Amino acid sequence: MKIGTVNGTGSASANGLLMKALFRMGVPVTGKNLFPSNIQGLPTWYEIRANHRGYMSRSGRADVMVAMNAQTYQKDLNEVSPGGFLIYDSTWPRESSLHRQDITVLGVPLSKLCNENFDVARIRILMKNVAYVGVLAALMDIDLEVIKTLLEETFASKPKLVESNLKAIMIGHDYALENFTCPLPVRAEKMGDNAGHILIDGNSATGLGCVYAGATVGAWYPITPSTGVMDAFKAYCNRFRTDPETGKKNFCIVQAEDELAAAGMVLGGNWAGARSFTPTSGPGISLMSEFIGFAYYAEIPSVFIDVQRVGPSTGMPTRTQQCDLMLCAYASHGDTRHPMLFPANPKECFEMAVQVFDLADRLQTPIFMLSDLDIAMNDWMVPELEWDDDFRPDRGKVLGPEELKEMDRFVRYLDVDGDGITYRTLPGEDAKGAYFVRGSGHNRYGAYTEDSDEYQDVMERLLVKWETAKTLVPPALLSKAKRKTKLGIVAFGSSDGAVIEARDTLAEQGVHADYLRIRSFPFGQEVIDFLHDHETVFVVEQNRDAQMKALLILETNNIADRLVSITHYNGMPIPSECVVQGIARHLNAEVAA
């Protein structure tokens, strides 16, 4: 179902109401908001996908279209699938050219109905969007009692809003019942109650994960689509990190003057011993690169949450891509390599937000968690978040006063365990643990140097740490096909849903493929084994230049000839059909050859 409206007309609450009603009816559902980067006036769309199989990817089609924006009516009309339905505001007549014979068009005079029933102009605009909820409830057999319950929960403190919204819903509902055959062939059927699942967006889940990880310092400069991470973190901290008796806040959140300053604050917080992080997007990572290189070389734990959006430059701030892989993997000048985590949904955003802090402390290096706008700002149905109350943060190799007393001498950059990770201290705890933090050349003892051998010694140890990182990051997940096959698919992050659905479609067509979902960088041995075990590996990603494929070629050996790119980069979430068609094209070309 796709709903076309105008940004700033209050449609978000109506669309959310529809999606939540389907969720309460036990229907697997997800919602995707396609909105402009300005504040008000431009077209916006909301897509709701509901299906009994629980597919969460964007379908790429519209079976039911609600066309509320006259400016996009032609576009909306064209997008309706053959045999589908279009509902529009018939208060004003359509142009004679705006017709299709292969779909059913239902006109509802929504503006007229609201003008007759509401007095205030602004209320009429808002209620027009609520009224189409009632129309769809009648046409698609969406449970009115569920909608009423949701309204009462949403506006529990404002009973008058419940009354006005319910009035608008019933206006649309009753008109549809009186004028159309209800329900349509496309209807909602109760499937239970979705017990064990929740609706949540990735930014909210990430912010909550940061709280559970023990983060107490957040520094950021506002940027779409990552600002919601800090909004959520602040809200959860106000709730969970505020002393109920004294009101003292046990956290620090700083809105910096720019991304460069935010990165510096994160390094300072982590160096001092507080778990600190910054949420940003691609343009912010570009600005933070100098501090990222400093953290890598000075070996300061630091967490960067990159909610990816369309680039380059400003790009399209409210559209999604997976386009920051190369930027984050080798951020800053000189020889640098940075671990990355790739959550595929909001549940993994919560879980990996915890893991990323442990990894940063254990590896004493910058760690990136790469979400994207699709995950971050859209509503996903995921299993309930789980937590182990026995969890304790892993601070890695940190020496306290007791350990320092037993040592003759503390040496900051000496590898005594052979894993490339040295011991560190926190400032102010013991004079014996003092050392000079520098971004310039230093030797294993922490002293300044321009000696070639001493410099190379430190850089080679950092490569040993990189090998250790391969054993600590989350391993890739393998899903085997039902039949033995030499075809493989590799994907990561929000492309996962499209691949899951595409594999089912392909299997029905007799094409079977194993699937490896990469969850982190550096790549573990399981990734290398998968690449070598398959004659053809399709790499699915949402960017133009096949950045994941490039990383695989750079970081593994002798596999370039078997990797086939399937890319999607128009800013919309990738649909499964893109994967199906990409694989079919390649296989057909091989047969023809």
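Here, every reference points to the structure presented above.
Residues numbered from 1 in each chain as written. Predicted model: local features only at pLDDT ≥ 70, side-chain atom pairs only at ≥ 80, totals over all residues. Heavy atoms only, no water.

A.B. asks: I would appreciate a short explanation of the overall build of the chain in the present structure.
C.D. replies: A tally of helices and strands in the chain yields 19 helices and 22 strands. Its C-alpha atoms give the chain a radius of gyration of 27 Å, near enough to 25 Å, the size a compact globule of 593 residues would have. Per-residue burial over the chain gives 55% buried out of 593 residues. Partitioning the contacts of the chain with sequence separation of at least 6, the portion at a separation of at least 24 is 73%. Between the averaged position of the 57 positive side-chain charges in the chain and that of its 75 negative side-chain charges there is a distance of 4 Å. (Helix = DSSP H or I, 4+ residues; strand = E, 2+ residues; numbered from the N terminus. Rg over C-alpha atoms; globule rule 2.2 N^0.38 Å. Buried < 20%, exposed > 50% of the residue type's maximum accessible area, 1.4 Å probe, protein only. Contact = heavy atoms within 4.5 Å. Lys, Arg positive; Asp, Glu negative; His and termini not counted. Charge placed at Lys NZ, Arg CZ, Asp CG, Glu CD.)

A.B. asks: What is the right way to look at the sheet that holds strand S13 (residues 366-372) in this model?
C.D. replies: Sheets are built from strands paired through backbone hydrogen bonds, the pairs being either parallel or antiparallel. If you walk across this open sheet you meet the 7 strands as S9-S8-S10-S11-S13-S12-S20, and the pairing is mixed. Looking along the sheet, the strands with just one partner apiece sit at the ends: strand S9 (252-255) and strand S20 (520-521). The sheet contact formed by strand S12 (residues 340-341) and S13 spans 2 bridges and is parallel. Each residue of the ladder has a partner; that of Met 340, found in S13, is Phe 368. (Pairing = 2+ DSSP bridges.)

A.B. asks: How should I be thinking about the sheet that holds strand S18 (residues 487-492) in this particular structure?
C.D. replies: In spatial order, the strands read S17-S19-S18-S21-S22; together these 5 strands make up an open sheet with mixed pairing. Of all strands in the sheet, those with a lone pairing partner are strand S17 (477-479) and strand S22 (563-567), marking the two edges. Across the sheet, the axes of successive neighbouring strands diverge by a mean angle of 20°, strand direction being ignored. Examined bridge by bridge, S18 and strand S19 (residues 514-518) share 5 bridges and lie parallel to one another. Along S19, the bridge assignment pairs Ile 489 with Tyr 515. (Axes fitted to C-alpha atoms, helices over the stretch in contact; angles between N-to-C directions.)

A.B. asks: Would you mind going over the layout of surface pockets with me for this structure?
C.D. replies: Taking a probe equal in size to a water molecule and rolling it over the atoms shows the remaining empty space. Volume-wise, the largest pocket comes out at about 750 Å³. Around the largest pocket sit 30 residues that line it, and Arg 49, Ala 50, Asn 51, Arg 61 and Asp 63 are the ones nearest its centre. Contributing elements (two or more residues each) for the lining of the largest pocket: strand S2 (29-34), strand S3 (43-50), strand S4 (62-67), helix H16 (496-508) and helix H19 (576-592). Looking at the lining of the largest pocket, the element that brings in the most residues is S3, giving 4 residues. Of the residues assigned to the lining of the largest pocket, the class counts are 12 nonpolar, 7 polar and 11 charged. Each of two domains, domain 1 (2-179) and domain 4 (477-592), supplies a minimum of three residues to the lining of the largest pocket. A volume near 630 Å³ is recorded for the second largest pocket. Forming the boundary of the second largest pocket are 38 residues, of which Ala 12, Ser 13, Asn 33, Tyr 46 and Asp 379 lie nearest the centre. Only strand S1 (2-6), helix H1 (11-24), S3, helix H5 (144-154), helix H8 (227-240) and helix H13 (373-377) provide two or more residues apiece to the lining of the second largest pocket. (1 Å grid on protein atoms, 1.4 Å probe; cavity = no way out; pocket = protein on both sides within 12 Å on 5 of 7 lines; lining within 4 Å. Points joined across faces, edges and corners; volume = space filled by probe spheres on them. Nonpolar A, V, L, I, M, F, W, Y, C, P; charged D, E, K, R; others polar. Domains from an automatic or database assignment.)

A.B. asks: When you look at the nonpolar core in this model, what are you seeing that I'm missing?
C.D. replies: Considering soluble globular proteins, one finds that nonpolar side chains tend to be buried as a cluster. Core analysis: the biggest nonpolar cluster contains 89 residues, and Tyr 132, Ile 142 and Phe 277 have the highest contact counts within it. Top element by residues in this core is helix H4 (residues 121-140). It accounts for 11 residues. Here this core gathers at least three residues from each of two domains, domain 1 (2-179) and domain 2 (200-383). Beyond its immediate sequence surroundings of up to four residues, Phe 277 is in contact with Cys 210, Ala 215, Val 217, Gly 218, Ala 219, Val 229, Met 230, Phe 233, Val 266, Val 303, Ile 305 and Phe 357. (Core = buried A, V, L, I, M, F, W, Y, C linked by side-chain atoms within 4.5 Å.)

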